[in-house]
There are 2 protein chains.
Amino acid sequence: MDGVATARSPALIALDWGTSSLRAYLLGPDGAVLDSRSAPQGIMQVPGGDFAAVFEAVTGEWRHRWPELKSIAAGMIGSAQGWVEAPYLPCPAGPEELAGGLVPVPGGALLVVPGVAQYGEAPNVMRGEETQIAGALALNPALREGSLLVMPGTHSKWVSIEQGRIARFDTYMTGELFAVLRGHSILGRFARDVPKAAEDAAADAAFLRGVQAVREGGQVAPLLFSARALVLTGGLRPELSLDYLSGLLIGEELLCGLRGRREGVVLIGDPALCRRYREALALLGVSEVREIENAATAGLWRIAIQAGLAAGISEETV
Amino acid sequence: MDGVATARSPALIALDWGTSSLRAYLLGPDGAVLDSRSAPQGIMQVPGGDFAAVFEAVTGEWRHRWPELKSIAAGMIGSAQGWVEAPYLPCPAGPEELAGGLVPVPGGALLVVPGVAQYGEAPNVMRGEETQIAGALALNPALREGSLLVMPGTHSKWVSIEQGRIARFDTYMTGELFAVLRGHSILGRFARDVPKAAEDAAADAAFLRGVQAVREGGQVAPLLFSARALVLTGGLRPELSLDYLSGLLIGEELLCGLRGRREGVVLIGDPALCRRYREALALLGVSEVREIENAATAGLWRIAIQAGLAAGISEETV
């Protein structure tokens, strides 16, 4: 061990290793990113399941130069299809429980953050988001007392935070629904035939028109087909039909998730997607919307500190 | 012309020509099916768009033997991607309007029934179902005065009948949603990994559990992912997850379509699918459910009679 960490000395190797990609970060003693690498080897794209080889290819240079560094990872790498299964922790769960549930891969080169599950009548699971949430709470301590986190994506999570922990959560398959409808249903046909991108203002208007349609109709099921019928009856340009569809699906998620609430929400996710959620939320009367970026690295750092993994850093010094 | 039709003389060639298949019927003077043929050449599977060749291959023998017979077709063959485009008729539309809107293919060998469109704030289109509806009303004249027809399928139609005509309708993409989620989303993965069919009783119970979950929750969006989360948390066997998903989607369609009504409905569609709709309707308190079979041929016959196309048959004699 180097003993004393300097401003330039790395303190941790942190990985966000999901289904479709791997991002690795070299973090300094304050949790700042000193260096980063990414690779297309998400857990579904690892040849022969040789996760150790991918880990070595992406982080080997760092680990050989600073052999004292510990490595931590969150995401689907801890699923049954990953390198090692890190069993779900039950709600309520926060950084302390996550740090206590870390699971080493065979050989011990990497510690994996567990996912979180909700049991009972509304079963639900998350893997990766629990770490982003730990990061969001570290970056914004005021959220610990009680807040609603909205994490747009393939499987959007709506997370209620109480006393610094994940109290309960819902999942909306909005992103995956959009992707399968675009790629494989009749609703994607116009956009496949007319691939020319629409101008931004028209696309935004079509998106908000979809949100408004769900708001007025109350439910998306009888409206989905209107993304096609509107075009066939001359009410929508074909190249805008996917923006309208996106508005329908995101509008449905927001209506269900808000359940009439208008208090502020916190968005965590891809900035372009968060922008659309923000616009839709404004249309639904929710204007107090905060966004948190870099939640994943902040969460990996927070959990590593809790577990005493950061080189030369103890929890008390942070 | 033979002049007088005997019990064995055919009176019409009727085609149900959709996206994925073609069914052709030789109908007698009472509209009964004397002979039938089917081919996998739906409009998306016609090589080079040579619809005339497919028509000749399937119906040529009949037409050469009885050259006086007229031919009529309904379905996607009348769409912009079909043999000839038969423009949508506006609601309200019934057999008279459909007969008046028949469009001949180039050369005139076949007359195509137009689809029906609903314009305005809730635009919608149908093509093929208008003919089944004409058949259902011919088979059950009591439905003409006012009824709710539910037509389960890829794009389920919910049709309000008033004064013998299609007054308005909704479309639910239930069948296509199920197909794309099964084939292309994470929800289909368990069933793809565990292809062994579940026993019928367990499958029916999982289906009804899905219907009940939507009934209690009120909306499907936050429940879709439970088709996976229930399995991961030990509450559902993986080989039953698609039956549960089917219950969620059909339950949502029924809740939206019924809007609290409990009056009887009429089902028109595939018998196995109608059986599940019937079970779900019973769970939702709707027990007066009728089923109508062979609606397509009855509708083609009814429209042909209206248009004076049946050999030796006038509308007055029916």
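Structure's up top.
In this report, we go over the structure that sits alongside the text.

About the cut-offs
Residues numbered from 1 in each chain as written. Chains lettered and ligands numbered in written order. Predicted model: local features only at pLDDT ≥ 70, side-chain atom pairs only at ≥ 80, totals over all residues. Heavy atoms only, no water. Axes fitted to C-alpha atoms, helices over the stretch in contact; angles between N-to-C directions. Helix = DSSP H or I, 4+ residues; strand = E, 2+ residues; numbered from the N terminus. Parallel < 35°, antiparallel > 145°, perpendicular 65-115°, else oblique. Left-handed = near helix turned anticlockwise from the far one by under 90°. Contact = heavy atoms within 4.5 Å. Nonpolar A, V, L, I, M, F, W, Y, C, P; charged D, E, K, R; others polar. Buried area = accessible area lost by both parts, 1.4 Å probe. Salt bridge = Lys/Arg side-chain N within 4 Å of Asp/Glu carboxyl O. Polar contact = N/O pair within 3.5 Å; in protein donor to acceptor, adjacent residues only side chain to side chain. Least-squares fit on C-alpha atoms with pLDDT ≥ 70 in both. Core = buried A, V, L, I, M, F, W, Y, C linked by side-chain atoms within 4.5 Å. Buried < 20%, exposed > 50% of the residue type's maximum accessible area, 1.4 Å probe, protein only. Phe/Tyr/Trp six-rings, centres within 6.5 Å; stacked < 30°, edge-to-face > 60°.

Residue and element names in this part refer to chain A. Two elements in contact, helix α6 (residues 200-217) and helix α9 (residues 271-283), have axes whose closest approach is 10 Å; the angle formed by their N-to-C orientations is 45°. In terms of axis orientation, α6 runs oblique to α9. Here the hand of the crossing between α6 and α9 comes out right-handed. Contact with α6, carried on its side by Ala203, Asp204, Phe207, Leu208, Val211, Gln212 and Arg215, involves Arg275, Arg276, Glu279, Ala280 and Leu283 of α9 and no other residues of that element. Of the residues contributing to the contact of α6 with α9, the split by class is six nonpolar, one polar and five charged.

Buried accessible area, meaning the area lost when the parts come together, often serves as the stated size of an interface. At the junction of the two partners, chain B supplies 33 residues and chain A supplies 33 residues. In total, about 3,200 Å² of surface goes out of reach between chain B and chain A, with carbon and sulfur atoms giving 72% of it. Taken together, the connections running from chain B to chain A amount to zero salt bridges. At the junction of chain B and chain A, the tally comes to three residue pairs in polar contact (both at pLDDT 80 or more). Of all elements in the fold, only β9 (124-126), β12 (165-172), α4 (174-184), α7 (226-232) and α8 (241-258) of chain B reach the threshold of two or more residues within the side of chain B that touches chain A. Residues of the side of chain B that touches chain A, tallied by class, amount to 20 nonpolar, nine polar and four charged.

Take the relation of the copies chain B and chain A next. Two chain copies, one operation linking them: a rotation about an axis together with a shift along it. Overlaying chain B on chain A yields an RMSD of 0.0 Å, the required transformation being a rotation through 180° with an accompanying axial translation of 0.0 Å. Here the copies are linked by what is in effect a two-fold axis. The position closest to the rotation axis in chain B is occupied by the C-alpha of B:Val180, lying 3.1 Å away. Of the interface residues in chain B, 100% have counterparts in chain A that sit at the interface too, so the contact is made through matching surfaces.

Further remarks concern the nonpolar core. With 59 residues, the main nonpolar core has A:Leu245 and B:Leu245 as its most contacted residues. Setting aside anything within four residues of it in sequence, one finds A:Leu245 in contact with A:Phe178, A:Leu181, A:Leu187, A:Leu224 and A:Ala227.

A word on the packing of aromatic side chains. All names here are of chain B. For the structure shown, the criterion picks out ten aromatic pairs over all chains. Seen from their ring centres, Trp17 and Trp83 are 6.2 Å apart, and the 70° between their planes marks the pair as edge-to-face. Separated by 66 residues along the polypeptide, Trp17 in strand β1 (residues 12-17) and Trp83 in the loop between β4 (71-74) and β5 (89-90) bring together distant segments of the chain. Comparing Trp17 with Trp83 shows no difference in burial state: the two are buried. For the pair Trp158 and Tyr172, a centre-to-centre distance of 6.0 Å together with 65° between the ring planes defines the contact as edge-to-face. Of this pair, Trp158 sits in strand β11 (residues 156-162) while Tyr172 is found in strand β12, placing the two residues 14 residues apart along the sequence. The residues Trp158 and Tyr172 share a single accessibility class, namely buried.

Residues and elements named next belong to chain A. Tallied over the entire structure, the rule returns 28 salt bridges over all chains. The residue Arg275 makes a salt bridge to Glu279 at a minimum N-O spacing of 2.7 Å. With Arg275 and Glu279 both in helix α9 and four residues apart, this pair spans about one turn of that helix. We classify Arg275 as partly exposed; its relative accessible area is 40%. One connected set of salt bridges, linked through shared partners, spans Asp204, Asp243, Arg275, Arg276 and Glu279.

All quantities given are derived from atomic positions and should not be read as evidence of function.
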